[in-house]
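Chain and residue survey
Listed below, chain by chain, are the residues.
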Amino acid sequence: MKKPTLLLIAIHLLPLGTLQAEQAWQVDTELLHAQGNYHDSYTMNRQRSDGLRVSGEYQKQWGMRAGLVSTTIDLNASLASPPAVHQQNWLLSSYLHLPSSSTLGRWTVQLDAHRIENDTKQGDSNGVNVIAPQIRWASASAPIILGLSYAQSHYKDSPATRQYTPSIGLGFNQNKYWLQVDLYAINHLDPSRALGQSSTRGTDIKLTQFLSPGETWKPRSITVGIETGKKYHAVNMTNQAVYNLPMTNTGGASMTAVWPLRTDTALNLQLNKTRYFSEQLPYVPAHDFSLSTCSLQIKHTWH
């Protein structure tokens, strides 16, 4: 058993340069840095990520997003060679808003495409392709958002994994609070590669409190979240992230705070602790472990 160590530092740098956009366009840039430590893992020690995402929306009707997150996982040198895994997660996304008078709300259709590449020599975590459409309906008369997403993940030498994720968001107490619930049904897993599982079920629950403006140090919002159940090769449709490593997510907790640095710039600080179960490997037994992470994200809007 490894002695737990937890120091996760996240630094966000403001974008350099200036993006020029027509008045009809709103352009957002997001920069991310995150670090994490694995506890009780026989094979992994530390993780760090850096990312950039750029998105543009035209007249609040349709938009696009592109991003890249680069991750390095430091491995246990006595058991692994090479001593680290380097991974790149690419994202392309587009969406369209469709107002609907007949349903008293607005529909949004979205399509995400992911590509994941890393330098591992074993397993199927390299060369992963994911197509993930989703549809959402936002009520025009009440703080309610309903959603349904589908993700088809292609891992080499395995049948396509299919994920269905219904979701609901509700505002209450004069919209000072927002409750978000996402259900994960992941099917068509290959039991020989998915720790004996042909399917997994999980739930993400997040509660956000929006705070009134105050002192500079006071955040704009605070979110607490919990993960329950099991998820293997999950696709997070909210964060637009793919979890491709061969381990089962067995639950976790998170806390997020957002500070407005100025009218067009916000700072996001997030702390996570997630539990996992890993398969048996040569000289390594199957075991439970956890990952503690801290990340900082700066988002800037160019009008």
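Above: the structure in question.
Rules used throughout
Residues numbered from 1 in each chain as written. Predicted model: local features only at pLDDT ≥ 70, side-chain atom pairs only at ≥ 80, totals over all residues. Heavy atoms only, no water. Pairing = 2+ DSSP bridges. Helix = DSSP H or I, 4+ residues; strand = E, 2+ residues; numbered from the N terminus. Salt bridge = Lys/Arg side-chain N within 4 Å of Asp/Glu carboxyl O. Buried < 20%, exposed > 50% of the residue type's maximum accessible area, 1.4 Å probe, protein only. Phe/Tyr/Trp six-rings, centres within 6.5 Å; stacked < 30°, edge-to-face > 60°. Lys NZ or Arg CZ within 6 Å of the ring centre and 35° of its normal.

Let us look at the pairing of strand β8 (residues 161-172). Where strand β7 (residues 144-154) meets β8, ten bridges bridge the pair, whose relative direction is antiparallel. Within the sheet, the bridge partner assigned to Gln152 lies in β8 and is Arg162. The turn linking β7 back onto β8 is made up of six residues, and Asp157 within it adopts a positive phi angle of 60°. Pairing of β8 with strand β9 (residues 177-187) involves nine bridges; the strand directions are antiparallel.

Let us look at the pattern of salt bridges. Applying the stated criterion across every chain, the model contains ten salt bridges. Between Arg48 and Asp74 there is a salt bridge, and its shortest N-O distance comes to 3.1 Å. Note that Arg48 is positioned in strand β2 (residues 44-58) and Asp74 in strand β3 (residues 62-75), a separation of 26 residues in sequence. When its relative accessible area of 36% is taken as the criterion, Arg48 is described as partly exposed. One salt bridge in this structure joins Lys231 and Asp204, with 2.7 Å as the shortest N-O distance. Of the two residues, Lys231 sits in strand β12 (residues 231-232) while Asp204 sits in strand β10 (residues 200-210), which places them 27 residues apart along the sequence. Assigned by exposure class, Lys231 and Asp204 land together as buried. Taken together, the shared-partner salt bridges connect Arg46, Arg48 and Asp74 into one network.

The bulk of non-glycine residues show a negative phi, and the bulk of peptide bonds are trans. The phi torsion at Gln174 lies on the positive side, around 55°, for a residue other than glycine. Within the fold, Gln174 resides in the loop between β8 and β9. Overall, the relative accessible area of 70% leaves Gln174 in the exposed class. With a phi angle near 65°, His188 is a residue other than glycine that sits in the positive phi range. Assignment of secondary structure puts His188 in the loop between β9 and β10.

Moving residue by residue along a regular strand, the side chains alternate between the two faces of the sheet. Pairing between β2 and β3: 14 bridges, direction antiparallel. When the bridges of β3 are listed, Arg48 appears paired with Thr72. Linkage of β2 to β3, two consecutive antiparallel strands, is achieved through a turn of three residues, within which Gln59 is found at a positive phi near 50°. Of the strand pairs in this sheet, β3 and strand β4 (residues 84-100) are connected by 13 bridges, and their pairing is antiparallel. In the sheet register, Thr71 faces β4, and the bridge partner there is Gln87.

This part is about the packing of aromatic side chains. In this description, an aromatic ring pair is defined by two values, namely the gap between the centres and the angle between the planes. Summed over the entire model, instances satisfying the criterion amount to seven aromatic pairs. A centroid spacing of 6.0 Å and a plane angle of 55° characterise the contact between Tyr38 and Phe289, whose relative ring orientation is tilted. With a gap of 251 residues between them, Tyr38 in strand β1 (residues 25-39) and Phe289 in strand β17 (residues 287-302) connect regions that are remote in the sequence. In this pair, the class of Tyr38 matches that of Phe289, namely buried. Pairing Tyr276 with Phe289 gives two aromatic rings, centres 5.6 Å apart and planes at 25°, and the pair type is stacked. Of this pair, Tyr276 sits in strand β16 (residues 265-278) while Phe289 sits in strand β17, placing them 13 residues apart in sequence. Across the pair, exposure class does not vary: Tyr276 and Phe289 are buried alike. Here Lys231 stacks its cationic end above the ring of Tyr184, 4.6 Å away from the centre of that ring.

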